[in-house]
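Letter by letter, the chains look like this.
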Amino acid sequence: MLTLLFVSLGLLLLIGLLFKFAFADGDFTLISKKHVKREAIEGEVVWITGTSRGIGEVLAKQFASLDAKLILSARNKAELERVKSELKGKYAPEDVKVLPLDLASGEESLKLVVEQAVSLFPGVGVDYLVHNAAYERPKSKATDATEEILKTTFDVNVFGTITLTKLVAPLLLNQGGGHFVVISSAAGKVPSSGQAIYSASKHALHGYFHSLRSEFCQKGIKVTVVCPGPIETSNGTGASTSEDKKSPEKHVSSERCAELTIIAASHNLKEAWISHQPVLLVMYIVQYMPSLGFWLMDKVGGKRVEFAEKKGNTYSWKLLFGEKTKTN
């Protein structure tokens, strides 16, 4: 009788977890945290790249509302000023700093930008550097990428991001620590047909930043790598964007993505996944059952590129079940 009771309780628990997972928009560790640790953000200097639009803009608004001191960076100064004017918080918009930045400009140029950044809040420095800026092109076959696309993607997503980190990290070590928040992508965790170059650039960031944390975590350096799946962005690029707004498949809003990103950072999570199904399920399968996960991705890989060419939803359950997308 006691055995039957334990089995029944176990089945109920399993059913509850499966139900929760079916409607989750993040990995189990992330969604268990529920709320931002405000004390980890309030009064801290947060430098965000790629804040002129998309997820970066929303991140700026949410960090401002949590009373962080902000440095906004992107290439377009006019757009940065617009974002600044819309921020609300204890230090916003009056004390928000605008710092134009081009990640592809080279080390010497980035060194000057870093010097400016650490001087904007005298005696404080930088507590968080949020690497949000990224370059992504429309989906295409892995063999179709031009040398120009390959170079531009890696100049921004990899070389510029790593160079900026190399320049900032010694300053954080000197002040006793700091936190790098890296907006990666689900494409940095699983095969991503149609996004081979972009996916490669995100895989590179995972290798670098997880290694960086392992080397310097005992000296106060924290790293949170955030992996969003398809995100609904209203006016720019994020880690992913909704390709078909009429699709029945859900996309995480940019507001929710930013909220979960800040939750992950404030709780010092080392990695966080943000997505609805089926992407979240695929990420778990590839992570914990790689042979099965890669077989699954091989099954849908070619279809995904075809869906993209027809402007179909490349994150759809239909890819698994062989249905055809409608053309516009």
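This is a predicted model, so every value here is computed, not measured.

*Asks:* Account for the pattern of salt bridges, naming residues and giving values.
*Replies:* Summed over the entire model, instances satisfying the criterion amount to 12 salt bridges. Asp25 is the salt-bridge partner of Arg256, the closest N and O atoms lying 2.7 Å from each other. Of the two residues, Arg256 sits in helix α8 (residues 254-266) while Asp25 sits in the loop between α1 (2-22) and α2 (28-33), which places them 231 residues apart along the sequence. Relative accessible area serves as the criterion here: at 26%, Arg256 is assigned to the partly exposed category. One salt bridge in this structure joins Arg82 and Glu79, with 2.9 Å as the shortest N-O distance. One end of the pair, Arg82, and the other, Glu79, are both in helix α4 (residues 77-86), three residues apart, so they sit about a helical turn from each other. With relative accessibility at 23%, the residue Arg82 sits in the partly exposed group. According to the relative accessible area criterion, Glu79 is partly exposed, its value standing at 28%.

*Asks:* Lay out the side chain of Thr51 in plain terms, naming residues and giving numbers.
*Replies:* By the element assignment, Thr51 lies in the loop between β1 (45-49) and α3 (54-65). Its relative accessible area of 0% is what places Thr51 among the buried residues. For Thr51, the residues in contact, after removing those within four places along its chain, are Gly56, Glu57, Ala60, Leu72, Ser73, Ala74, Leu80 and Val83.

*Asks:* If you had to explain the sheet that holds strand β4 (residues 128-131) to someone new, which residues and values would you point to?
*Replies:* Read from one edge of the open sheet, seven strands run β3-β2-β1-β4-β5-β6-β9, paired in parallel fashion. The open sheet is flanked by β3 (97-98) and β9 (271-274), the only strands paired with a single partner. Judged from the five bridges that link them, β1 and strand β2 (residues 69-73) form a sheet pairing that is parallel. Paired with Thr49 across the two strands is Ser73, which belongs to β2.

*Asks:* Tell me about the nonpolar core, and please be specific about residues and values.
*Replies:* Across soluble globular proteins, nonpolar side chains have a tendency to be buried as a group. Residues Trp47, Ile71, Leu164, Val168, Phe180 and Phe209 are the most contacted members of the largest nonpolar core, which totals 44 residues. Counting residues per element, the ones that place at least two in this core are β1, α5 (107-119), α6 (147-174), β5 (178-183), α7 (196-216), β6 (221-228), α9 (279-288) and α10 (290-309). Those residues in contact with Phe209, other than ones at most four positions away along the chain, are His131, Thr161, Thr165, Phe180, Val182, Val223 and Val225. Residues Ile41, Tyr128, Leu260 and Ile262 belong to the second largest nonpolar core, which totals 38 residues.

*Asks:* Give me the packing of α3 against α8: which residues, what numbers.
*Replies:* Between α3 and α8, whose axes approach to 9 Å, the crossing angle comes to 55 degrees. By the criterion of interaxial angle, the relationship of α3 to α8 is oblique. Like other packed secondary-structure pairs, α3 and α8 cross with a definite hand, here right-handed. From α3, Ile55, Val58, Leu59, Gln62 and Phe63 reach across to α8, where they touch Ser254, Glu255, Cys257, Ala258, Glu259, Thr261 and Ile262. Split into classes, the residues belonging to the contact of α3 with α8 amount to seven nonpolar, three polar and two charged.

*Asks:* Give me the environment of Ala265: which residues, what numbers.
*Replies:* Tracing the sequence through the fold places Ala265 in helix α8. Separated by 224 residues in the primary sequence, Ala265 and Ile41 place their C-alpha atoms 9.0 Å from one another. When near neighbours in sequence (up to four residues on either side) are disregarded, Ala265 contacts Tyr128, His179, Val181 and Thr224.

So, how was this worked out
Residues numbered from 1 in each chain as written. Predicted model: local features only at pLDDT ≥ 70, side-chain atom pairs only at ≥ 80, totals over all residues. Heavy atoms only, no water. Salt bridge = Lys/Arg side-chain N within 4 Å of Asp/Glu carboxyl O. Helix = DSSP H or I, 4+ residues; strand = E, 2+ residues; numbered from the N terminus. Buried < 20%, exposed > 50% of the residue type's maximum accessible area, 1.4 Å probe, protein only. Contact = heavy atoms within 4.5 Å. Pairing = 2+ DSSP bridges. Core = buried A, V, L, I, M, F, W, Y, C linked by side-chain atoms within 4.5 Å. Axes fitted to C-alpha atoms, helices over the stretch in contact; angles between N-to-C directions. Parallel < 35°, antiparallel > 145°, perpendicular 65-115°, else oblique. Left-handed = near helix turned anticlockwise from the far one by under 90°. Nonpolar A, V, L, I, M, F, W, Y, C, P; charged D, E, K, R; others polar.

That is the geometry; function is a separate question.
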